[in-house]
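Observations on chain architecture
Chain by chain, the residues:
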Amino acid sequence: MAKQVMSFPGIDADLACNKQVQEALSLLESEPLHDPRAPRWVGKLAASLKPGRFAHSLSVAWMSRRLAHVHGLDPLKAEQAGLLHDCAKCLPLDEMQRIAVDHSLTDDPELLASGALLHSVVGSWVAREDYGMTDPDVLEAISYHNTGYPGMTRLDMCVCLSDSIEPLREAYPRLEQIRALAETSLERALLLSLEGTADFVTSRGKFLHPRTQNTIAWLKRSLSEAR
Ligand SMILES: [Fe+2]
Ligand SMILES: [Fe+2]
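A brief report on the enclosed structure follows. (Residues numbered from 1 in each chain as written. Chains lettered and ligands numbered in written order. Predicted model: local features only at pLDDT ≥ 70, side-chain atom pairs only at ≥ 80, totals over all residues.)

With that out of the way, let us pick up the packing of helix H9 (residues 136-143) against helix H10 (residues 154-165). Close contact between H9 and H10 brings their axes to 9 Å; oriented N to C, the two are set at 45 degrees. In this view, H9 runs oblique relative to H10, as classed from their interaxial angle. Note that H9 runs across H10; the crossing there is right-handed. Only Leu155, Asp156 and Val159 of H10 make contact with H9, whose side of the interface consists of Asp137, Glu140 and Ala141. Across the contact of H9 with H10, the residue classes break down as three nonpolar, no polar and three charged. (Axes fitted to C-alpha atoms, helices over the stretch in contact; angles between N-to-C directions. Helix = DSSP H or I, 4+ residues; strand = E, 2+ residues; numbered from the N terminus. Parallel < 35°, antiparallel > 145°, perpendicular 65-115°, else oblique. Left-handed = near helix turned anticlockwise from the far one by under 90°. Contact = placed C-beta atoms within 7 Å. Nonpolar A, V, L, I, M, F, W, Y, C, P; charged D, E, K, R; others polar.)

Here we come to helix H11 (residues 175-182). Listed in full, the buried residues belonging to H11 are Ile178, Leu181 and Ala182. The arc that holds every buried residue of H11, seen down its axis, measures 100 degrees, which confines them to one face. H11 presents Glu176 and Ala180 as exposed residues on the side facing more than 90 degrees away from its buried surface. If you follow the buried residues of H11, they end up packed against helix H4 (51-71), H10 and helix H12 (186-203). (Buried ≥ 20, exposed ≤ 12 C-beta atoms within 10 Å, placed from the backbone. Arc of directions from axis to C-beta.)

Okay, unusual backbone geometry next. Located in the positive-phi region is Ser104, a residue other than glycine, with phi close to 50 degrees. Its location among the elements puts Ser104 in the loop between helix H6 (93-102) and helix H7 (109-112). For Arg174, which is not glycine, the phi torsion reads 70 degrees and is therefore positive. You can see Arg174 is positioned in the loop between H10 and H11. The exposure class of Arg174 is partly exposed, given the 13 C-beta atoms found within 10 Å.

By themselves, these observations are geometric and do not establish any function.
So, in structure tokens, the structure goes:
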């Protein structure tokens, strides 16, 4: 018997048939998105992201809300930030740069040079302007989801971590260890995740943003002081 294809308001039939999108929708089937604006946001995301990125966004929303429940954080904020965290990811770099410069979002040349870094800062602006998200906690979590920063909130950690361990993520070294740690300590899991990112980036001779390095040092210090 043919497997039934799940649908969702705002997602057309072609996109709904995508394998990753189906996997993401099956996560949300048992635990639907709670924000009443979610169907509208999902439709906008479906129209502006590639299918894999769109499925990842749904999956991060699911993961982030789940981790928020586990760690006593606001699950709605976690869901909102998870869903919107990559809303600018598929913009061309020159368009991200134009938005960042026109709206004075950053003057960091390293951020401005890389879509992989800049999409978080621009995404926070897009989430506010195009999606109507006004909660500063959510906007901050979007802004720092790919680098972290020293002093980041636990909601920021929850979203940053969910981005790297959501169920659709392809396997990478220590993924299961990070997932297991995330059940008990956001800080320890995020530290392991960021250290993995640092190893990966530097082993390929690529640029690691200093904010990530500083966040690793801050997490190590915080964890050793808490002992
Ligand atoms: Fe991202
Ligand atoms: Fe992401």
